[in-house]
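Analysis of the macromolecular model
Now for the letters of each chain:
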Amino acid sequence: MAAPAALQRSVVSPAGRHTASLIFLHGSGDTGQGARAWIKQILNQDMAFQHIKVIYPTAPARPYTPMKGAFSNVWFDRYKICNDCPEHIESIDSMCQGLTDLINDEVKNGIAKNRILIGGFSMGGGMAMHLAYRFHQDLAGVFALSSFLNKDSAVYQALKRNESALPELFQCHGTADELVLYSWGKETNKMLKSLGVSASLHTFPNLNHELNRTEIEKLKSWIVKKLPVEAPKANE
């Protein structure tokens, strides 16, 4: 099988010396550029940091079953949008390879795995949980905004066999979400906690399937806590 083509990406460079990286995965049907623009619109500026490079990759277009097989920019396929059906594991695992290449690009640039965060909105957050908790347990942390895992998720199966330290999870969810129900996000949080993940869940009353400023500001504070500025080495 041919190696997957490198993912297109939109990048916000750090203002100063690059010592950490953040990968933000968009929701279904969006693009990296679209997710960046959405956050920029909410904050009235890019989500930017002194020392952290922010990378917004774009999922390749593929047939998406919930849209009757129409092509869409999605990280993986779903049989349907629900939390009690099987996962489309073949497409999930295929995309984990493409995103592993993206992580490896950062490592080649001198960024240690424990200085890389990954997360996203909706399907992007689900993808990030698969990537980190199944294949990259040495990342600095994971964030999932309006996201969920299916009840018998491969993530849960992997964590049942795990004995190593796990990245912390920062989760946010609106109680008025009609696409990804708040109860699905809450159940995901509870399951991951029971399997040894240090996980927080920030609840936003009356928020639908969307982001808001308070949520992004909270996320930014958590990002800087997980990826603090490093003191320059003596020989620099």
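Residues numbered from 1 in each chain as written. Predicted model: local features only at pLDDT ≥ 70, side-chain atom pairs only at ≥ 80, totals over all residues. Heavy atoms only, no water.

Tracing the chain through its elements places Ser 72 in strand 5 (residues 70–73). Setting aside residues up to four positions removed in sequence, Ser 72 forms contacts with Gly 29, Pro 60, Ala 61, Arg 62, Tyr 64 and Met 67. (Helix = DSSP H or I, 4+ residues; strand = E, 2+ residues; numbered from the N terminus. Contact = heavy atoms within 4.5 Å.)

Quick look at the sheet that holds strand 9 (residues 199–204) now. Judged by pairing direction, the sheet is mixed, and its seven strands sit side by side in the order 1-3-2-6-7-8-9 without closing on themselves. A strand with exactly one partner marks an edge of an open sheet, and here the two such strands are strand 1 (9–12) and strand 9. With strand direction ignored, the average angle separating the axes of adjacent strands in the sheet is 15 degrees. One ladder, built from six bridges, connects strand 8 (residues 168–174) with strand 9; its direction is parallel. If you follow Cys 172 over to strand 9, its bridge partner there is His 202. The sheet contacts of helix 3 (residues 123–135) involve strand 2 (20–25), strand 6 (116–121), strand 7 (141–145) and strand 8, and relative to strand 6 the element is tilted by about 145 degrees. (Pairing = 2+ DSSP bridges. Axes fitted to C-alpha atoms, helices over the stretch in contact; angles between N-to-C directions.)

In helix packing, the relevant descriptors are the interaxial angle and the interaxial distance, both defined with respect to the helix axes. At a closest axis distance of 10 Å, the pairing of helix 2 (residues 89–108) and helix 3 adopts a crossing angle of 75 degrees. As the angle between them shows, helix 2 and helix 3 are arranged roughly perpendicular. In this structure, helix 2 contributes Ile 89, Ile 92, Asp 93, Met 95, Cys 96, Leu 99, Thr 100 and Ile 103 to the contact, and helix 3 contributes Met 127, His 130, Leu 131, Arg 134 and Phe 135. Split by residue class, the contact of helix 2 with helix 3 holds nine nonpolar, two polar and two charged. (Parallel < 35°, antiparallel > 145°, perpendicular 65-115°, else oblique. Nonpolar A, V, L, I, M, F, W, Y, C, P; charged D, E, K, R; others polar.)

Moving on: the packing of aromatic side chains. A ring pair, where both rings are aromatic, is described by two values, the distance of the centres and the angle of the planes. Within the structure shown, the criterion is met by five aromatic pairs. Geometrically, the ring pair formed by Trp 38 and Phe 121 is edge-to-face, given 5.0 Å between the ring centres and 85 degrees between the ring planes. Of the two residues, Trp 38 sits in helix 1 (residues 32–43) while Phe 121 sits in strand 6, which places them 83 residues apart along the sequence. For Trp 38, a relative accessible area of 25% gives the class partly exposed. On the basis of relative accessibility, which here comes to 7%, the residue Phe 121 falls in the buried class. (Phe/Tyr/Trp six-rings, centres within 6.5 Å; stacked < 30°, edge-to-face > 60°. Buried < 20%, exposed > 50% of the residue type's maximum accessible area, 1.4 Å probe, protein only.)

Next up on the list: the nonpolar core. As a rule of thumb, soluble globular proteins bury nonpolar side chains together. Ranked by size, the top nonpolar core spans 38 residues in total, and within it Trp 75, Leu 99, Met 127, Tyr 133, Leu 169 and Leu 192 carry the most contacts. The set of elements that each furnish at least two residues to this core consists of strand 2, helix 2, strand 6, helix 3, strand 7 and helix 4 (154–160). Sort the elements by how many residues they give to this core and helix 3 lands first, with seven residues. If we skip the residues at most four places from it in the chain, Leu 169 touches Met 129, Tyr 133, Val 142, Phe 143, Ala 144, Leu 192, Val 197, Ser 198, Ala 199 and Ser 200. Within the second largest apolar cluster, 28 residues are counted, among which are Leu 22, Phe 24, Ile 52 and Phe 121. (Core = buried A, V, L, I, M, F, W, Y, C linked by side-chain atoms within 4.5 Å.)

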